[in-house]
Amino acid sequence: MEPTDDVSCKRAVLEGCHKGHDGRDVALSNLAVALYDRFQTERNVDDVNEAITLHRAALELRPSGHHQRPSSLNWLALCLSSRYNSQGVIADLEEAVTLGRAALQSCPPDHHNPGTYFCDLAEDLWKRFKEQAKMYDLDEAIELYRVALELRPSGHPHRYLSLHGLALCFSSRYDNQGVVSDLEEAVTLGRAVLELCPPGHRDRATFLYSLASYLQRRFKKRAMMHSLDEAIELHREALALRPSGHPPRFSSLQGLAICLLDRYDNQGLVADLDEAITLGRAGVELHPPGHSHRAKCLRTLSRGIWAISQRQTLMPGSGRAASVHQAPSRHHPTSDADAASTFHEFSLHLWDKFRKQSAIADLDEAICLATYALELRPPKHSDYAVSVDQLAVLVKEWFRRIDQGTNSNESVMLGQAVDNLCALRHCLRDGFRNQHVTDDLNAANTLHRDVLQLRPDGHAHPSYFHDLALRLIQKFHDKAIAGDLDEAISLEQHALELSVPGDPSYEASKEVLAMCLR
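Predicted, not measured: the structure shown is a model, and the values here were computed from it.

Caption draft 1: Representation of the overall build of the protein. Counting secondary structure elements, the protein contains 23 helices and zero strands. The burial tally for the protein puts 48% of its 518 residues in the buried class. Partitioning the intrachain contacts of the protein with sequence separation of at least 6 by distance along the chain shows that 59% fall at a separation of at least 24. On the protein, roughly 25100 Å² of surface is accessible, and the fraction owed to carbon and sulfur atoms is 51%.

Caption draft 2: How the structure looks around unusual backbone geometry. Non-glycine residue R43 carries a positive phi angle of around 60°. Despite not being glycine, A223 shows a phi value in the positive range, around 55°. Mapped onto the secondary structure, A223 falls in the loop between α10 (204–222) and α11 (225–240). When its relative accessible area of 56% is taken as the criterion, A223 is described as exposed.

Caption draft 3: Representation of the side chain of H235 in the model. Secondary-structure assignment places H235 in helix α11. Residues in contact with H235, not counting those within four places in the same chain, are Y209, A212, S213, S252, G255, L256 and C259.

Caption draft 4: Representation of the packing of helix α7 (residues 135–151) against helix α8 (residues 159–177). Two elements in contact, α7 and α8, have axes whose closest approach is 9 Å; the angle formed by their N-to-C orientations is 155°. Comparing their axes, α8 and α7 come out roughly antiparallel. Once α7 is placed against α8, the crossing between them reads as left-handed. On α8, the residues that touch M135, L138, D139, A141, I142, Y145, R146, A148 and L149 of α7 are R159, L161, S162, L163, G165, L166, C169, F170, S172, R173, N176 and Q177.

Caption draft 5: Molecular detail of the environment of L301. Locating L301 in the fold gives a position in helix α14 (residues 294–314). As for L301 and G280, which are separated by 21 residues in sequence, their C-alpha atoms are 4.7 Å apart. Excluding residues that lie within four positions of it along the chain, L301 makes contacts with I277, G280, R281, V284, F343 and Y372.

Caption draft 6: Molecular detail of the confidence of the model for the protein. Here the protein averages 85 in pLDDT, while 83% of its residues score no lower than 70. The low-confidence segment residues 319–329, where pLDDT is below 50, has 15 contacts with residues more than four positions distant or belonging to other chains. Low pLDDT, under 50, characterises residues 407–412; the stretch is placed with eight contacts to residues that sit more than four places away or in other chains.

Caption draft 7: Helix α4 (residues 69–87), seen in detail. An ideal rise of 1.5 Å per residue puts 27 Å on 19 residues; α4 measures up with 27 Å between its terminal C-alpha atoms. Once α4 finishes, G88 follows within two positions and takes phi at roughly 75°, a positive value.

Thresholds applied
Residues numbered from 1 in each chain as written. Predicted model: local features only at pLDDT ≥ 70, side-chain atom pairs only at ≥ 80, totals over all residues. Heavy atoms only, no water. Helix = DSSP H or I, 4+ residues; strand = E, 2+ residues; numbered from the N terminus. Buried < 20%, exposed > 50% of the residue type's maximum accessible area, 1.4 Å probe, protein only. Contact = heavy atoms within 4.5 Å. Areas by Shrake-Rupley, 256 points an atom, 1.4 Å probe, with all protein chains shown as cover. Axes fitted to C-alpha atoms, helices over the stretch in contact; angles between N-to-C directions. Parallel < 35°, antiparallel > 145°, perpendicular 65-115°, else oblique. Left-handed = near helix turned anticlockwise from the far one by under 90°. pLDDT = per-residue confidence, 0-100. Expected span 1.5 Å × (residues − 1).

Following this line, the structure appears as structure tokens:
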């Protein structure tokens with residue numbers, strides 16, 4: 001049955017169970033479970049919110065001693081934990097832990113499936129450790145997973161889940177304390193999980209990725225190339241199971257790219273570097289500006305760009321050394337600032353190369369990398385103006401070639417670059433709307449002005465001027481700075497000059513301008 005149909009069916013049953021009906025607690029619980037299942041598929045937070053409300057209502061009808069109370073406690077904890085995964089509210093996780101403990105305490109000795117309660121509580125404690133770094137949470141999670149394993153012996157259909165959770169805990173403890181035996185235990189457990197989840201298992205991609213990550217850490221610790229080679233193969237298999245549109249595809253792209261970069265650093269195979277950069281670009285394309293993973297993707301890509309830069313510096317007769325604008329660093333970029341510098345410097349190199357060879361692909365790539373640098377340097381950054389100036393030079397040359405009729409069918413980077421900056425501008429604007437942080441609005445306005453400067457007259461859409469004018473008016477209402485209103489008037493006048501009378505954009509600008517002039 002489709003999730004929506006199941007919800008409708010369970011809702012109809014609940015409507016037939018009025019308050020005081022003997023089966024109302026079951027109807028409440030069943031509808032809550034159906035809503036939770038639909039949330040897992042469609043990720044609509046309204047479903048899990050309603051499921052939580054329904055489970056609370058069912059719990060009230062199942063007092064202490066009721067044979068279904070442990071189930072209601074555990075289900076409510078599961079829904080709160082899932083909402084924490086979606087929204088990151090720590091109070092949900094704290095309540096999930098409390099409810100999970102209560103479920104275990106109220107679970108009778110002869111309960112048919114106590115392993116589930118041990119695993120669910122262990123997972124929430126592991127999550128809380130990831131949030132708060134309290135070792136006692138992680139140690140308790142490990143003990144709970146061990147108990148769950150005893151309750152799920154060889155042949156138990158859910159044994160692999162306990163093994164996987166325990167492996168994650170050992171991996172986390174290794175990251176926190178650096179004890180190699182914990183990492184080795186994670187690898188051993190990860191292999192055991194894969195043996196229980198052969199090709200065709202629905203969660204095999206997750207377990208491939210996890211084992212690959214453990215092996216990559218072992219390579220970083222012990223320099224065992226066979227571990228890195230195996231990690232690469234596991235990441236490839238996981239990526240094949242996560243096609244375009246699959247939500248965790250990003251993790252596999254990142255994991256494989258980082259492993260290939262590690263192998264390039266160790267063995268110098270250019271094919272590994274080229275593939276890593278391709279994967280890095282794919283990761284960036286999956287996450288628009290403002291996405292929580294965007295900066296991480298850019299850092300991974302910058303590491304590949306940095307490796308190209310270092311390689312060209314060392315190539316005899318390449319002429320690269322003469323075009324390097326600062327001394328090459330000894331270590332690959334690890335921070336946003338490092339990544340921005342890497343993009344900036346290599347963009348300058350490509351600009352030099354373009355001026356000598358006039359290859360439009362070099363100009364495209366220079367624009368792309370300069371845009372990435374600007375993304376990582378917000379308007380308050382000390383090098384923001386430098387990045388804007390560099391990008392302006394590149395874009396000016398691009399438009400000059402277009403105006404001269406140069407054939408540039410392959411030149412698509414400019415549109416992408418401006419779109420990325422506009423998306424970043426929207427993120428800053430949304431930050432102001434959601435939290436009313438004035439700095440976000442100022443940053444959005446600064447970036448918007450600079451995007452306008454990147455589009456010469458004749459290439460800018462009226463909406464660019466209209467949108468900035470609206471935000472300046474909003475700022476004028478908050479701060480009453482006359483200069484903001486004056487600038488808004490000028491922008492709307494410019495928008496009208498670029499619009500055609502009768503178009504919706506023309507009428508919108510005309511209406512706003514009239515309001516400003518009153």
